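Topology and contacts: notes
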Amino acid sequence: MSSVFVVLNGGSSSLKFQIFDPAGSPDPKIIYRGMVEGIGTSPHFIVKDCDGTVVADMTWEGRMPFGHEEALVELVGWMQAHRGGYKLGAVGHRIVHGGRFFDGPVLVDETVLEKLETLKPLAPLHQPHNLEPIHILSRRAPDIPQVACFDTAFHRNQPEIAQLFAIPHEMTEAGVLRYGFHGLSYSYISSVLADYDSRLKTGRVVVAHLGNGASVCALKNGKSIATSMGFSAIDGLPMGTRCGALDVGVVFYMLRDMKLNADEVEKILYTKSGLLGVSGLSSDMRTLRSQASSNRNAQRAIDLFVYRVTREIGSLIAALGGIDGIVFTAGIGENDAATRAAILEDLTWAGFTLDDTANSSHATRITTGSAPGAWIIPTNEELVVARQMSQVLSATARRLAS
Ligand code: ADP
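Let me begin by describing the structure that accompanies this report. Along each chain, residue indices are assigned from 1 in the same order as the chain's sequence is written. Under the rules for a predicted model, residues below a pLDDT of 70 receive no local features and side-chain atom pairs below 80 are neither given nor counted, while totals for whole chains, interfaces and linings still include all residues. Calculated side-chain values reflect all of the structure's heavy atoms, with hydrogen atoms and water omitted.

With that settled, consider the packing of helix α2 (residues 110–117) against helix α3 (residues 127–140). Only C-alpha atoms enter the line fits that serve as axes; for helices the fit covers just the stretch in contact. Angles between N-to-C directions range over 0 to 180 degrees. Helix and strand definitions follow DSSP, with helices as H or I runs of at least four residues and strands as E runs of at least two, each counted in order from the N terminus. For the pair α2 and α3, interaxial distance at closest approach is 11 Å and the crossing angle is 155°. Comparing the axis directions of α2 and α3 gives the class roughly antiparallel. The handedness of the crossing between α2 and α3 comes out as left-handed. Together, Leu 113, Leu 116 and Glu 117 of α2 and Gln 127, Leu 131, Ile 134, His 135 and Ser 138 of α3 make up the contact between the two elements. Ten residue types, Ala, Val, Leu, Ile, Met, Phe, Trp, Tyr, Cys and Pro, are classed as nonpolar, four, Asp, Glu, Lys and Arg, as charged, and the remainder, Gly among them, as polar. Among the residues forming the contact of α2 with α3, the class breakdown is four nonpolar, three polar and one charged. Note that the term roughly parallel is reserved for angles under 35 degrees, roughly antiparallel for angles over 145, roughly perpendicular for angles of 65 to 115, and oblique for everything else. Take the far helix as the reference: if the near one is turned anticlockwise from it by less than a right angle, the crossing is left-handed, and if turned clockwise, right-handed. In this description, contact between two residues means that some pair of their heavy atoms is separated by no more than 4.5 Å.

Okay, here's the thing in structure tokens:
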């Protein structure tokens, strides 16, 4: 039975996974990807091979209980039974928040897990679900190494000034900082910049990670120097259902005058705002695009999204002191030509000249002229987790051997 790396991304009702051959060169090689969705309601397990061919598709209508634990059991069972059988060699977890504790991946032990537990309030939508598979595996398979990889870690070495809020310093010292997120995605993009244009690796680049969750990040010499998300993953750009940056006075108004409690405010700002809130229709850019010609609020949501992304990019250009390139990535960034075109047209002042044909056909480089340029680069957060697993496990093995 061959031993594989499994990368897990636990959500509230889903468990996404990728299975890697750790012996791939130079990177671990993906063999399968899939998910269990509908956890808690109507579970659906689907696995595809690296060509996208479906190799498993199962549902368990009415099977209760079916939580994350049952999902993991099904995954491991399928792995053992498939082909010659795959053995869980190590598990890597995509964890949204590493707080001030972690500026890189870490082998999970009890102390690590205790620290990660304290960060749940900082990412209430993600952290509890990211940690649940760790708890389950620690209990059921304590000998399997688990590596935690963080969305915050890539930003931990930003200049101090970029991490500060203008609040009493005691609060800063207690950890109320701008952490930033989507770091696994930015780390991947940073690692491949030179493959697209050698000048980008050492240049001033803004990466626009525009998916359901959305943020922008300024890279100088491939390192994060500023980003739009802050203390929590709600800051910065408007997202599918999250409001993005908001005058904190609105929160006081919601609490005092609208008489909402903190949980209600949180629910509105995390799950009923953003594209969904403004359009009153959908959090999904494809739906908004298809309705925009006849639905004024759908168009307004798109316009606000583009406006706020462009303003945020302008702010990062100021932080970088100029710009050599923009990279678009994630669902909207990789697929929505109209959003990319609108952003780049609003950035003409910064020297960008849209190449309409290249953009419409989702080519790699979508501007004309020498510099600055814009590129579409598909992100690969799971590969970053698999790479980080390799690094952590090799370092651990070296330490034990010495
Ligand atoms: P997540 O943050 O959940 O990983 P994704 O990166 O998958 O999100 O991005 C989801 C967003 O990408 C949705 O708004 C979806 O509408 C948008 N998207 C995906 N494909 C297209 C497309 N072909 N055209 C426009 N938008 C798209």
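Picking up where we left off.
Looking now at the pattern of salt bridges. Side-chain pairs of opposite charge can arise whenever the charged atoms involved come near each other. By definition here, a salt bridge exists when the distance from a side-chain nitrogen of Lys or Arg to a carboxyl oxygen of Asp or Glu is within 4 Å. The tally for this structure, following the rule as stated, stands at 11 salt bridges. A salt bridge links Glu 69 to Arg 139; the nearest nitrogen and oxygen atoms lie 2.6 Å apart. Of this pair, Glu 69 sits in helix α1 (residues 68–81) while Arg 139 sits in helix α3; the two residues are 70 residues apart in sequence, bridging distant segments of the chain. Burial here depends on accessible area, computed with a 1.4 Å probe over protein chains only, as a share of the maximum for the residue type. Under 20% is buried, over 50% is exposed, and the range in between is partly exposed. Judged by its relative accessible area of 53%, Arg 139 falls in the exposed class. For Glu 117, the salt bridge identified is with Lys 120, shortest N-O distance 3.0 Å. Residue classification places Glu 117 among the partly exposed positions, given a relative accessible area of 27%. Classification of Lys 120 as partly exposed rests on a relative accessible area of 27%. Bridged by salt links that share partners, the residues Glu 69, Arg 139 and Arg 140 form one connected network.

Paired rings are identified among Phe, Tyr and Trp, the last through its six-membered ring, by centres lying within 6.5 Å, and are further divided according to the angle between planes into stacked (under 30 degrees), edge-to-face (over 60) and tilted (the rest). One pass over the full model with this rule turns up nine aromatic pairs. Taking the centre distance of 6.2 Å and the plane angle of 55° together, the rings of Phe 45 and Trp 60 count as tilted. Placement of Phe 45 in strand β4 (residues 44–49) and of Trp 60 in the loop between β5 (54–59) and α1 is noted, with a sequence separation of 15 residues between them. The two residues Phe 45 and Trp 60 agree in class, both being buried. Taken together, the ring pairs in this structure connect Phe 17, Tyr 32, Phe 45, Trp 60, Phe 66, Trp 78 and Tyr 86 into an aromatic cluster.

So, about the site of the ligand. If even one non-hydrogen atom of a residue comes within 4 Å of a molecule or strand, that residue is called near it. Close to the ligand lie Gly 211, Asn 212, Gly 213, Ser 283, Asp 284, Met 285, Arg 286, Ala 330, Gly 331, Ile 332, Asn 335 and Asp 336. Identification of polar contacts relies on pairs of N or O atoms within 3.5 Å, with a donor-acceptor requirement for protein atoms, meaning one able to donate a hydrogen and the other able to accept it, and with residues adjacent in sequence counted only if both atoms are side-chain atoms. Residue Asn 212 places a main-chain N or O atom 3.0 Å away from an oxygen atom belonging to the ligand. Backbone polar atom of Met 285 to an oxygen atom of the ligand: 3.0 Å apart, as the coordinates give it. Exposure was quantified through the Shrake-Rupley algorithm and a 1.4 Å probe, taking into account, for residues, occlusion by the shown protein chains and nothing else. Within the complex, the protein chains bury 68% of what would otherwise be the 580 Å² of accessible surface of the ligand. It is helix α13 (residues 330–335) that contributes the most residues to the shell around the ligand, four residues altogether.

Two strands are said to pair when DSSP picks up at least two bridges between them. Overall, mixed pairing links the eight strands, which are arranged β5-β4-β3-β2-β1-β6-β8-β7 in an open sheet. The sheet terminates laterally at β5 and β7 (106–107), the two strands that pair on one side only. Bridge count between β7 and strand β8 (residues 146–150): two bridges; the pairing is antiparallel. Looking at the pairing, Val 106 lines up with Ala 148 of β8. Contacting β1 (2–10), β2 (15–21), β6 (86–95), β7 and β8, helix α16 (residues 381–401) runs over the sheet at an angle of about 125° to β1.

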